[in-house]
Amino acid sequence: MKLIEREAALAALDERLAEALQGDGSVVLVHGEAGIGKTSLLRTWTANLPQGIRLAWGACDPLTTPSPLAPLREAAPELGGDVSRALGSGVSTIEAFAAVVAELRKRTRVVVFEDLQWADEATLDLLRYAGRRIESTPSMLVLSVRDDEPADTAALQAVIGELSRAGVLTRVRLRPLSPAGVARLLAGRRDDADVVYRRTGGNPFFVTEVTEHADEPVPDTVRDAVLARLATLHDKERAVLELLACVPGRVDDTLAATLVEGGTALDGLIAKGLLSVEGRGVTFRHELVRLAVVESLPAFRRRDLHRTILAALEQRTDTDPAVLTHHAVQAAAADRVHLHARLAAADAAAAGAHREAASFLLAALETADRLGARDRAELLEARSYELYLTDRVDEAIATREEAVALRAQIGDTIAVGSGHRWLSRFSWFSGRRMQAERHAERAVELLEEAGDGRELGFAYSNRSQLVMLARDEAAAITWGERALEVAERLGDVELRAHALNNVGTALGHIGDPKGHDMLIESVALARQHGLDEHVARGYTNLVWQAVEHRQFAYGEPLLREGLAFAAQRDLDAWRRYMLGCRARHHLLRGRLTAAADDATAVLAEPASPVSRIWPLMVLGQVRTRRGDPGAGEVLAEAWALGVQVGEILRLAPLVAARAEHSWAAGIEPPLDEFRDVYKQLRTVHDGWLVGEALTWLRRIGEAVEPAPDVVLPEPYQLELAGQYFAAASVWRELSCPYDAAIALADSGTEQGLLQALELLTELGAEGTARRVRQQLRELGASGVPRGPRPTTRANPALLTARQVEVVALLAAGLTNAEIADELVISPKTAGHHVSAILEKLGARSRIEAANIARELGLTG
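What you are looking at is a predicted structure, and each value in this text was computed from that prediction instead of being measured. (Residues numbered from 1 in each chain as written. Predicted model: local features only at pLDDT ≥ 70, side-chain atom pairs only at ≥ 80, totals over all residues. Heavy atoms only, no water.)

## A few points about the sheet that holds strand 5 (residues 169–173)
- Here 5 strands make up an open sheet; going across it, the order is 2-3-4-1-5 and the pairing parallel. Single-partner strands in this sheet number two, and they are strand 2 (54–59) and strand 5. Adjacent strand axes in the sheet meet at a mean angle of 15 degrees, parallel and antiparallel pairs treated alike.
- Relative to strand 4 (residues 140–146), strand 3 (residues 109–114) is paired through 4 bridges, and the arrangement is parallel. Counted as the bridge partner of F113 is L143 from strand 4.
- Across the sheet, helix 2 (residues 38–46) lies against strand 1 (26–32), strand 2, strand 3 and strand 4, angled at about 160 degrees from strand 4, the strand it touches most.
- Relative to the sheet, helix 3 (residues 70–79) contacts strand 2 and strand 3, its axis offset from that of strand 2 by approximately 160 degrees. (Pairing = 2+ DSSP bridges. Helix = DSSP H or I, 4+ residues; strand = E, 2+ residues; numbered from the N terminus. Axes fitted to C-alpha atoms, helices over the stretch in contact; angles between N-to-C directions. Contact = heavy atoms within 4.5 Å.)

And the structure:
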């Protein structure tokens, strides 16, 4: 097919290649509706690559459940031996990704991945990893995506958004041909270009299908066009086409030779343009043709064809279990589905594709009616674990309950006890604390009676985890040490990693440095032995403590590492939990926009109740501080979940957040709801947890005494002692500017209130600033600065006049010192202005802030 109206797309690809040859690699996304000519464009362009540039090509296939890293495996032979070895040696996914990037850096390569709308999670993670590093290579990643694919592409869109924000992505959108373009395509034919354009909408595939068969009625859809062409085929050709249509993606030469006797029919289909040769195999010229053929087949015929394909593939030793599962499902071969889906699930889980693993196990379960209770229970247990990892906790509970019932029927007490331990864990994640405790107690009771060491050790460790979360550190350490004794006796690494996490976190709560060492050991052990869940748990607890103890410099890299690990391994439960921690991290540092963004991202997903509490609380606090509507409602929702879970580590910050809202809004605080928390506060020995709640309670007139031996952190000690300016100084050193502003406001002096107002204005905390202005007026202060002026409100980023001046200089490339000289202010003040600008613009760097400011017309 001639390329019509694709000159701009080819030029964009050429420009990116020229940049790559200079060492500035990039990602190009070619997208458009099915049939728009993405493959034709890429085939034409790659056919004319300069000599010496290596081309690697892979594609995603529309399997029932995607095969992990399918396009990379297809492209691996052209990428180099290191990539093939990494994929075949069972190394971690991240090591395989690193091998890919290493090859991209060695020499100029063009890597094409087609049909990313069908990509698995591991492939998307590869794009994240390679995309973030592509700029430092002489290579290009060229991706094609269908815009009209009905499958859920939210995960793909998230990756595209990340690469776009990183500045490495160029979009090349292919649009339908114009009427003039259709006329050019039809030049020399008798077809009426206007009629063809109206009937096809300018889709090149539709146009081609219609115009190549001018003696047939013009079809209304591609399906009609394809079926019309099928009617002209010989019986043998049609039979071959129908058989090959049941194979998603490319049919390699070996499979084609097995399925098709002789090459005459295959050659005829290629000559007629229905199939095309691609590498060492054949493929349909367009996926819509294949789908139309499949949809035209009666159900019994499709089933028989898939059985034929399955039998051929099972004779090979290199067939992906995911592919075998797809054909077994379509063939309604229950015993084969059961066999292949379990293997595919194991492969997917090992690759960190836990969502796909859960789907494969569901396929196995749906065909497991003839299995015995024990085999079915094993499948249910495996699926419940994958559902738990991917934060589908309610499904995990229902699945595990079914497994426990089956285990009870056959009298397997140890498995029943283990099931109660897992139900305890799942119930906690779902916010059902009381159920979690009942299951935990039952697990210990059953397993102590049964005398099983390993599962009993995990039941002990689970009890340790529950009481650790309830902030009963002594009990957590006692239960955890019992688990560690079992782990030591059995030499069980997983049990040791689990128990170290719980004991280490409990010790960290009370400030014992040994706790941190235990957490680090837990993560190291889990990483070494490929225990994904325990790695993520370790990161989560390390992050939580770093954020809540205001150790931001230590916590930031942990957040990056933990979130990256959880995202790469489909560990949604921990990714969402840590994203909530990052929202809290941003809030404590005064980054209101970033905090709200992270909180909103979690709440937009089907996160478990426990993972929703922090984002709801943070969003409520951001709204309180900005003066936005809806703060009380989201804080009330967070409070309801916190009460349901019933843990002081959540309730104490929630009390502080709701007290802050009452104080800032000038409304009556819900004291009756708070008082049940007061008793718990008197028993907690975490100074940060207690100090935050006590200081906010005192601001609303509630005096609650901490435990006699609790040691409050320095800024809280200073505030409670009335040394507000000293407290503000310490808060600044800790990078907590909002807390510094509130401490200054607590001084009740005009000087302190004015300083607080300046800080709050810089942070964009207009809601809190209104309260401080009111206090200043009550003092009789004159010349109280007003809220945002009309000129500030007029610009979309709500920058002050001074900040507009600063952003113009920042965009001109001036340093903080140079900005200070230009505006006759101190470098420190210039730095405060720059930080506030980054926050208001939602930018991560000075360059990004400058670009955003230019787009908003703020730079002159």
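## Quick notes on the nonpolar core
- The biggest cluster of nonpolar side chains holds 145 residues, and the ones touching the most others in it are Y388, W428, W574, I648, F674 and L697.
- Broken down by element, this core gets its largest block of residues, 11 residues, from helix 34 (residues 648–665).
- Judged by nonpolar contacts, the second largest core, of 57 residues, contains V226, L259, L266 and V293. (Core = buried A, V, L, I, M, F, W, Y, C linked by side-chain atoms within 4.5 Å. Buried < 20%, exposed > 50% of the residue type's maximum accessible area, 1.4 Å probe, protein only.)

## Things to note about unusual backbone geometry
- Unlike most non-glycine residues, R550 shows phi in positive territory, near 60 degrees.
- Tracing the backbone through its elements, the reader meets R550 in the loop between helix 28 (532–548) and helix 29 (552–568).
- The phi torsion at S735 lies on the positive side, around 65 degrees, for a residue other than glycine.
- Tracing the sequence through the fold places S735 in the loop between helix 38 (724–733) and helix 39 (737–746).

## Some points on the pattern of salt bridges
- Evaluation of the coordinates by the stated rule reveals 60 salt bridges.
- The residue R374 makes a salt bridge to D412 at a minimum N-O spacing of 3.3 Å. Of this pair, R374 sits in helix 20 (residues 373–389) while D412 sits in the loop between helix 21 (393–409) and helix 22 (413–429), and the two are 38 residues apart along the sequence.
- Judged by relative accessible area, R374 falls into the partly exposed class, the value being 43%.
- If you follow the salt bridges from partner to partner, you end up with E121, R355, D391, D570, D572, R575, R576 and E605 in one network. (Salt bridge = Lys/Arg side-chain N within 4 Å of Asp/Glu carboxyl O.)

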